[in-house]
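# Examining the three-dimensional arrangement
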Amino acid sequence: MPDNSDLRQAAIQRACSIADEIVAGRRNVIEGAKELFWEALDDYDFAAEAKKYIYDSIGLEKAYGLLDTYSDLQDAEYQWQKDKTNEELLAEVRTELLDELSTWRHRQQWPKSTS
């Protein structure tokens, strides 16, 4: 049976592969981020490592917050800002999430996926 450090490394490595596909444009940003957080990283208890925010121990707290914001905004029954539509805000959040995942991926030590 793998120990916790093996499970942690495997979860991060799987997240790296998903992030590679997102950054390369082979996977939808939102759907890929959902898989990254809700499947790949869910295999290990990163919440137990959190200092202040979930996933802050691996530098993904902002990306997770952006995905959460996207979900909330998508479900909003009213306009969040007077000067922008919710659709414009969704596009901005999607772009920020892509940028954040790209930055995170460049900081990781695993080789880039070639698939």
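Residues numbered from 1 in each chain as written. Predicted model: local features only at pLDDT ≥ 70, side-chain atom pairs only at ≥ 80, totals over all residues. Heavy atoms only, no water.

## Comments concerning the overall build of the protein chain
Across its full length, the protein chain carries 4 helices and 0 strands. Along the chain direction, N to C, the helices and strands of the protein chain fall in the order α-α-α-α. Across its three principal directions, the C-alpha atoms of the protein chain cover 50 × 30 × 20 Å. Counting over 115 residues, the protein chain shows a buried share of 37%. (Helix = DSSP H or I, 4+ residues; strand = E, 2+ residues; numbered from the N terminus. Buried < 20%, exposed > 50% of the residue type's maximum accessible area, 1.4 Å probe, protein only.)

## Considerations on the environment of Ile-30
Following the sequence through the fold, Ile-30 ends up in helix α2 (residues 29–40). In this structure, the C-alpha to C-alpha distance between Ile-30 and Tyr-64, residues 34 residues apart in sequence, is 11 Å.

## Notes on the packing of helix α3 (residues 61–74) against helix α4 (residues 86–107)
For the pair α3 and α4, the least separation of the axes is 9 Å and the interaxial angle reads 160°. Put simply, α3 runs roughly antiparallel to α4. Judged by the twist between their axes, the crossing of α3 over α4 is left-handed. Touching Lys-62, Ala-63, Leu-66, Leu-67, Thr-69, Tyr-70, Leu-73 and Gln-74 of α3 are Asn-86, Leu-89, Leu-90, Val-93, Arg-94, Glu-96, Leu-97, Glu-100 and Leu-101, all from α4. (Axes fitted to C-alpha atoms, helices over the stretch in contact; angles between N-to-C directions. Parallel < 35°, antiparallel > 145°, perpendicular 65-115°, else oblique. Left-handed = near helix turned anticlockwise from the far one by under 90°. Contact = heavy atoms within 4.5 Å.)

## Quick notes on the packing of helix α1 (residues 4–23) against α4
Axis separation between α1 and α4 bottoms out at 10 Å; the angle between their running directions is 130°. Looking at the two axes, α1 sits oblique to α4. As for how α1 packs across α4, the hand of that crossing is left-handed. On α4, the residues that touch Ile-12, Ala-15, Cys-16, Ala-19, Asp-20, Ile-22 and Val-23 of α1 are Leu-98, Leu-101, Ser-102, Trp-104 and Arg-105. Residue composition of the contact of α1 with α4, by class: 9 nonpolar, 1 polar and 2 charged. (Nonpolar A, V, L, I, M, F, W, Y, C, P; charged D, E, K, R; others polar.)

## Thoughts on α3
Between its first and last C-alpha, α3 extends 20 Å over 14 residues, near the 20 Å set by a 1.5 Å rise per residue. Taken as a whole, α3 has its buried residues at Ala-63, Leu-66, Leu-67, Tyr-70, Ser-71 and Leu-73. One side of α3 holds all its buried residues, which, seen down the axis, span an arc of 170°. Elements that come into contact with the buried residues of α3 comprise α2 and α4. (Expected span 1.5 Å × (residues − 1). Arc of directions from axis to C-beta.)

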